[in-house]
Amino acid sequence: MSTGLRRAIYAVCALLWASGCTWLVVHFAFPTATDFGPAPNPFEPLLLRVHGWVAVCGVFLFGWITANHISDRWRRAPNRISGFSLAGFVVVLTASGYALYYTTDQLHDVAAATHEVMGAVAIVFALTHWWNNGRSASNSETPKSVQ
């Protein structure tokens, strides 16, 4: 994978995670007090717009990765489990994010809870995959001892 593509993926994933987690904190910890009870924080719509636009970039990049990166590296076993887990998370996050806009109220609540929990935890799977990738790359580059 090229350095530019890798950096774009890292940036998009970091922005997605940061904007989503920031929205969660603002939504649950800082509601606006009104005469009629708590109301959404005024920053929530902006955070959701940023998260949504970055998500479009993320879906594009993960489609690109699926077409190239996954198919090229499927035969290499070291990162297969972490990569498959990460891809599964992306599929569920994409489907649940879509469901947040285009479903009924009952399904919306399930999609919201799924998206919030899996989105917050996805960073663990992403870091595990990238950390394993760095380890396997460094192991393949170390010279074998001369006998």
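Rules used in this analysis
- Residues numbered from 1 in each chain as written.
- Predicted model: local features only at pLDDT ≥ 70, side-chain atom pairs only at ≥ 80, totals over all residues.
- Heavy atoms only, no water.
- Helix = DSSP H or I, 4+ residues; strand = E, 2+ residues; numbered from the N terminus.
- Buried < 20%, exposed > 50% of the residue type's maximum accessible area, 1.4 Å probe, protein only.
- Contact = heavy atoms within 4.5 Å.
- Areas by Shrake-Rupley, 256 points an atom, 1.4 Å probe, with all protein chains shown as cover.
- Expected span 1.5 Å × (residues − 1).
- Phe/Tyr/Trp six-rings, centres within 6.5 Å; stacked < 30°, edge-to-face > 60°.
- Core = buried A, V, L, I, M, F, W, Y, C linked by side-chain atoms within 4.5 Å.
- Polar contact = N/O pair within 3.5 Å; in protein donor to acceptor, adjacent residues only side chain to side chain.
- Patch = residues over 30% accessible without salt bridge, like charges linked within 9 Å, V, L, I, M, F, W, Y side chains within 5 Å.
- Salt bridge = Lys/Arg side-chain N within 4 Å of Asp/Glu carboxyl O.
- Bend = angle between axes of the 7 residues up to and from the residue.
- Axes fitted to C-alpha atoms, helices over the stretch in contact; angles between N-to-C directions.
- Parallel < 35°, antiparallel > 145°, perpendicular 65-115°, else oblique.
- Left-handed = near helix turned anticlockwise from the far one by under 90°.
- Nonpolar A, V, L, I, M, F, W, Y, C, P; charged D, E, K, R; others polar.
- pLDDT = per-residue confidence, 0-100.

S.K.: Mind showing me how you'd approach the overall build of the chain here?
M.R.: Within the chain, the secondary structure is distributed over four helices and two strands. Order of helices (α) and strands (β) in the chain, N terminus to C terminus: α-β-β-α-α-α. In the chain, which comprises 147 residues, the share counted as buried stands at 28%. Counting contacts in the chain only where the partners sit at least 6 residues apart, residues at least 24 apart contribute 67% of the total. As displayed, the chain has an accessible area near 10,300 Å², and 70% of this comes from carbon and sulfur atoms.

S.K.: When you look at helix α1 (residues 3–29) in this model, what are you seeing that I'm missing?
M.R.: Each α-helix winds once per 3.6 residues, and so residues spaced three or four apart point in a common direction. Taking 1.5 Å per residue as the helical rise, α1 with its 27 residues ought to reach 39 Å, and the 38 Å between its terminal C-alpha atoms agrees with that figure. Turning to α1, its buried residues number three or more, namely Leu 5, Ile 9, Val 12, Cys 13, Leu 16, Ser 19, Gly 20, Cys 21, Trp 23, Leu 24 and Val 26.

S.K.: What am I meant to see in the packing of aromatic side chains here?
M.R.: For any pair of aromatic rings, the description consists of the separation of the ring centres together with the inter-plane angle of the planes. Tallied over the full model, the rule gives four aromatic pairs. Each ring, one from Tyr 101 and one from Tyr 102, has its centre 6.3 Å from the other, and the planes form 45 degrees; the classification is tilted. You'll find Tyr 101 and Tyr 102 in the same group, each marked exposed. Ring pairing ties together the aromatic residues Tyr 98, Tyr 101 and Tyr 102, which thus form one cluster.

S.K.: Would you mind going over the nonpolar core with me for this structure?
M.R.: Here is a general trend for soluble globular proteins: nonpolar side chains tend to be buried in one another's company. Membership of the largest hydrophobic core is limited to 10 residues, which are Leu 5, Ile 9, Val 12, Cys 13, Leu 16, Val 54, Leu 61, Phe 62, Ile 65 and Val 90. Among the secondary structure elements, those contributing two or more residues to this core are α1 and α2 (44–73). Ranked by the residues each element gives to this core, the list is headed by α1, at five residues.

S.K.: Explanation requested: the side chain of His 51 in the structure shown.
M.R.: Residue position: His 51 is located in helix α2. Within polar-contact distance, the side chain of His 51 engages the backbone nitrogen of Gly 20 at 3.4 Å. Apart from the residues lying within four places of it in its own chain, the contact partners of His 51 are Leu 16, Ser 19, Gly 20 and His 115.

S.K.: Could you clarify how one ought to interpret a nonpolar patch on the surface in this entry?
M.R.: A surface patch of nonpolar side chains, about 290 Å² in accessible area, is lined by Phe 43, Leu 46 and Val 50. Checked against the element boundaries, Phe 43 lands in the loop between β2 (37–39) and α2. The exposure class assigned to Phe 43 is exposed, which follows from its relative accessible area of 55%.

S.K.: Would you take a moment to explain α2 for this structure?
M.R.: The largest bend in α2 comes to about 40 degrees, at Thr 66. Residues of α2 that are buried include every one of Glu 44, Leu 47, His 51, Val 54, Gly 58, Leu 61, Phe 62, Ile 65 and His 69, and no others.

S.K.: Which parts of the structure should I look at to understand the packing of α1 against α2?
M.R.: The relative placement of two packed helices is expressed as an angle between their axes plus a distance between the axes. Viewed as axis vectors pointing N to C, α1 and α2 meet at an angle of 150 degrees, and their least axial separation amounts to 9 Å. One element, α1, and the other, α2, form an angle in the roughly antiparallel class. Crossing handedness for the pair α1 and α2: left-handed. Among the residues forming the contact of α1 with α2, the class breakdown is 19 nonpolar, six polar and one charged.

S.K.: It is not clear to me how the confidence of the model for the chain should be interpreted in this structure. Could you clarify?
M.R.: Predicted coordinates in regions of low pLDDT should not be interpreted in detail. Averaged over all residues, the pLDDT of the chain is 85; the fraction at 70 or higher stands at 88%. A low-confidence stretch, residues 141–147 stays under pLDDT 50, and its non-local contacts, those more than four residues away or across chains, total zero contacts.

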